[in-house]
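What follows is each chain in one-letter form.
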Amino acid sequence: MQAKYSDIERLEQLIRRLAPLFGPSGAEDQVRAAVIDLVKPLAHEVTVDALGSVIALRRGTGGAGAKKVMIAAHMDEIGIMVTHIDDDGFLRFAPVGGVGPATLLGQQVVFEDGTVGSIGIEKVDGPKDIQMDKLFIDIGATSRAEAEKAVRIGSSATYLRDVARSGRRLIGKAMDDRAGCAVAVETLHQLKADPSPHDVYFVFTVQEEVGLRGARTAAYAIEPDVAIAVDVTATGDTPKGERLNMKLGGGAAIKVKDASLIAHGGVRELLVQCAADEGIPYQMEVLPYGGTDAGAVHLTRSGVPSGVVSIPTRYLHTPAEMVDLGDAAAAADLLTAVLRRDLTLTAGA
Ligand SMILES: [Zn+2]
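In this convention, every chain numbers its residues from 1, walking through the sequence in written order. Residue-level local features of this predicted model are given only where pLDDT is at least 70; pairs of side-chain atoms are given and counted only at 80 or more, and the full residue set underlies all totals for whole chains, interfaces and linings. Hydrogens and water molecules were not included; the side-chain quantities draw on all heavy atoms of the structure.

Remarks on the overall build of the chain
In step 1: What counts as a helix is a DSSP run of H or I of at least four residues, what counts as a strand is a run of E of at least two, and both are numbered from the N terminus. Scanning the chain for helices and strands turns up 9 helices and 17 strands.
In step 2: Since a compact globule built from 349 residues should have a radius of gyration of about 20 Å, the 20 Å found for the chain is in line with a globular shape.
In step 3: With a 1.4 Å probe rolled over the protein chains alone, any residue whose accessible area is under 20% of its type maximum counts as buried; one over 50% counts as exposed, and the rest are partly exposed. Buried positions account for 54% of the 349 residues belonging to the chain.
In step 4: When checking whether two residues touch, look at their non-hydrogen atoms; a contact exists if any pair is within 4.5 Å. Considering only contacts within the chain whose residues lie at least 6 apart along the sequence, 76% involve residues at least 24 apart.
In step 5: To measure how exposed things are, a 1.4 Å probe is used in the Shrake-Rupley method; for residues, cover is taken only from the protein chains shown. Split by element, the accessible area of the chain, about 14000 Å² in all, is 50% carbon and sulfur.
In step 6: Only four residue types enter the charge count, namely Lys and Arg as positive and Asp and Glu as negative; His and the chain termini do not. Lys charges are placed at NZ, Arg charges at CZ, Asp charges at CG and Glu charges at CD. The chain carries 36 positive and 46 negative side-chain charges, and their two centres are separated by 3 Å. Put simply, the radius of gyration uses C-alpha atoms, and a globule should come to 2.2 Å times the residue count raised to 0.38.

Structure below.
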C-alpha cells in the first residue's frame, strides 16, 4: 500500500487511537481531549468554541490568492441515551443520531465513566418486532438505586469496540467520523512539514450526527472563503447492496451531492483536477440521502463554497464499520495536495 504524501502507519495509529473513544453527540469530551493532544504540536493556535468544537489553525505562508480555508471533521458518534430506569435497574433509552434497533441487539455498550452494559430485548414474536422501545440496557444492577450509582437519566452510551485490522481494512465503531478526524490530523502533519499558502482552520466539530450543529457555529466564527468536510460515505459494493458508485479501495470519494448539500462546482472541480494531476485515486460520490458538516457550513452567513472528501465505509452506523486504509490515505493525500494549490474558484455552484 502506497500513498503520495500520507504516512499510512501514522494514519492507522490515529484511527486506532480515536475510534474506540467514547463520544456520542453532546458528550465529546474524551475525543476532544485526544484531538487537542494530537493537534497542539502541529497548529499555531488551538481553541475550543462555545459548543465544544476544536479549532486548530495552521497559518499559511500567505501571498496573492491566499485564502481562509475550513476543514471540518466531526468528533461525535451515534449513541443511545437513558430515558428511564425501572425498579429492577433496567434502563430504557432513546437514540442519539441514526441508530438502528437491530444493530443494537446483542451489543455491549459503554457509558462515559466506563460502566458497561448488555442490550437486551423483551420477548417478541420475530425480527420485525425488534423496535427501540422493546430494548433495554442491563448494566448488571439489581435495583434502581444500584443503577443510579452509575448512570442517570440523560447519561449516554456507545458501542464498546476496539479497532481490528483485516488485510488493508480497519473495522470498528465510529469510523464515522474518527477516520475523518484522523485524516484531518494527518493532513495537518503534512502541512507542518510542507506548508500551504492558505490559513487552514482544522475544525473538529461536535454534534454532527444530530444535525450538523457544531460546524454551523464554527463556520460562522471563522467566515471561511472555502470549506471542505471530510467524512465517511456509504458504498454499493456489498452483495445485493444499494446501487451506489462508491466502493472500498476505489480511493477518496469526491462528493457531488447528498441530502444536505450540492457541492460547489468550483470546489468539486478543484478536487477532481487535483486528484487527476497528482495521480491520487478518487471516485465520484452521489449519495441520495445523508449529510455532512458541509451541509451546514455552506449555508453560513452569505454562503460558503463547500465540498466534501469522503472515505467510503461499509456497514455505516453499526459497531463494525469498515474502511480501507488506502482510501483514508488517498483522502489525506487529496486534502494535502489541494491545500497547497491556488484555491481561486473559477466554476460556479
Ligand atoms: Zn459522519
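Here we look at the coordination of the zinc ion
In step 1: Any nitrogen, oxygen or sulfur atom within 2.8 Å of a metal ion counts as a donor, with the limit raised to 3.2 Å for Na, K and Ca, and since water is left out, coordination shells can look unfinished. Donor atoms from the polypeptide that coordinate the zinc ion comprise His74 (NE2), Asp176 (OD), Asp231 (OD) and Asp231 (OD), at 1.9 to 2.7 Å from the metal.
In step 2: Here the zinc ion binds 4 donor atoms, and the angle range of 51 to 146° at the metal identifies the geometry as irregular. Labels for metal geometry use angle windows, namely 85 to 135 degrees for all angles of a four-donor tetrahedral site, and for square planar (four donors) or octahedral (six donors) sites opposite donors over 155 degrees apart plus all others within 65 to 115; sites meeting none of these are irregular.

A few points about the packing of helix 1 (residues 8-18) against helix 9 (residues 325-339)
In step 1: Only the contacting stretch of a helix is used when fitting its axis, a line to C-alpha atoms as for every element, and angles between N-to-C directions run 0 to 180 degrees. Direction vectors running N to C along helix 1 and helix 9 enclose 105°, while the axes themselves pass 10 Å from each other. Judged on the interaxial angle alone, helix 9 and helix 1 are roughly perpendicular. Counted together, Ile8, Leu11, Glu12 and Ile15 of helix 1 and Leu325, Ala328 and Ala329 of helix 9 form the full contact between these two elements. Here roughly perpendicular refers to angles of 65 to 115 degrees, roughly parallel to angles under 35, roughly antiparallel to angles over 145, and oblique to all remaining angles.

Topic: the domain arrangement of the chain
A common way to express how large an interface is: the accessible area buried when the components associate.
In step 1: Marked domain ranges trace back to an automatic or database domain assignment. Segmenting the chain into domains produces domain 1 (8-77 + 173-339) and domain 2 (79-159).
In step 2: Its C-alpha centre places domain 1 at a distance of 31 Å from the equivalent point of domain 2.
In step 3: Contacts between domain 1 and domain 2 engage 13 residues on the former and 13 residues on the latter.
In step 4: By convention, the term buried area covers the 1.4 Å-probe accessible surface removed from two parts as they join, with the contributions of both added. Broken down residue by residue, the surface that domain 1 buries against domain 2 is led by Phe22, His317 and Pro319, which jointly contribute 44%.
In step 5: We define a salt bridge as a contact between a side-chain nitrogen of Lys or Arg and a carboxyl oxygen of Asp or Glu at a distance within 4 Å. The interface formed by domain 1 and domain 2 holds 0 salt bridges in total.
In step 6: Gly is placed with the polar residues, together with every amino acid not listed as nonpolar (Ala, Val, Leu, Ile, Met, Phe, Trp, Tyr, Cys and Pro) or charged (Asp, Glu, Lys and Arg). Of the residues in the side of domain 1 that touches domain 2, the class split is 5 nonpolar, 4 polar and 4 charged.

Structural notes on the nonpolar core
In step 1: The term nonpolar core refers to a set of buried residues drawn from Ala, Val, Leu, Ile, Met, Phe, Trp, Tyr and Cys, joined through side-chain atoms within 4.5 Å. Ranked by internal contacts, the top residues of the largest apolar core, which has 62 residues, are Ile71, Val183, Phe202, Phe204 and Leu334.
In step 2: For this core, the element with the highest residue contribution is helix 9, accounting for 11 residues.
In step 3: Apart from the residues lying within four places of it in its own chain, the contact partners of phenylalanine 202 are Val54, Ile55, Ala56, Arg58, Ile71, Ala184, Thr187, Leu188, Leu191 and Leu339.
In step 4: Core analysis: the second largest hydrophobic core is formed by 21 residues, Phe93, Phe111, Met132 and Ile139 among them.

Topic: the pairing of strand 1 (residues 45-48)
In step 1: Examined bridge by bridge, strand 1 and strand 2 (residues 54-58) share 4 bridges and lie antiparallel to one another. Directly across from valine 46, in strand 2, lies its bridge partner alanine 56.
In step 2: Two strands qualify as a pair provided DSSP detects at least 2 bridges between them. A loop of 5 residues connects strand 1 with strand 2, the two strands running antiparallel in sequence, and glycine 52 in this loop sits at a positive phi of about 115°.

Let's talk about the environment of methionine 322
In step 1: Tracing the chain through its elements places methionine 322 in strand 17 (residues 321-324).
In step 2: Here methionine 322 falls in the buried class, since its relative accessible area comes to 15%.
In step 3: In this structure the C-alpha to C-alpha distance between methionine 322 and arginine 169, which are 153 residues apart in sequence, comes to 6.5 Å.
In step 4: Beyond its immediate sequence surroundings of up to four residues, methionine 322 is in contact with Arg169, Leu170, Ile171, Leu248, Pro312, Thr313, Arg314 and Tyr315.

Overview of the layout of surface pockets
In step 1: Using a grid of 1 Å spacing that covers the protein atoms alone, one calls a set of points a cavity when a 1.4 Å probe fits there but cannot get out, and a pocket when the set is open and has protein on both sides within 12 Å along at least five of seven lines; lining residues are those with an atom within 4 Å of a point. Grid points are joined across faces, edges and corners, and a volume is the space filled by probe spheres set on the points. Of the voids in this model, the largest pocket is the one considered here, and its volume is about 270 Å³.
In step 2: In terms of lining, the largest pocket is formed by 18 residues, of which the most central are Asp176, Glu209, Gly290, Gly291 and His317.
In step 3: Looking at the lining of the largest pocket, the element that brings in the most residues is strand 13 (residues 226-233), giving 3 residues.
In step 4: A class-by-class count of the residues in the lining of the largest pocket yields 6 nonpolar, 6 polar and 6 charged.
In step 5: The space that makes up the second largest pocket amounts to roughly 200 Å³.
In step 6: Here the residues of the lining of the second largest pocket sort into 6 nonpolar, 5 polar and 3 charged.
In step 7: Built from parts of two domains, the lining of the second largest pocket gets at least three residues from each of domain 1 (8-77 + 173-339) and domain 2 (79-159).

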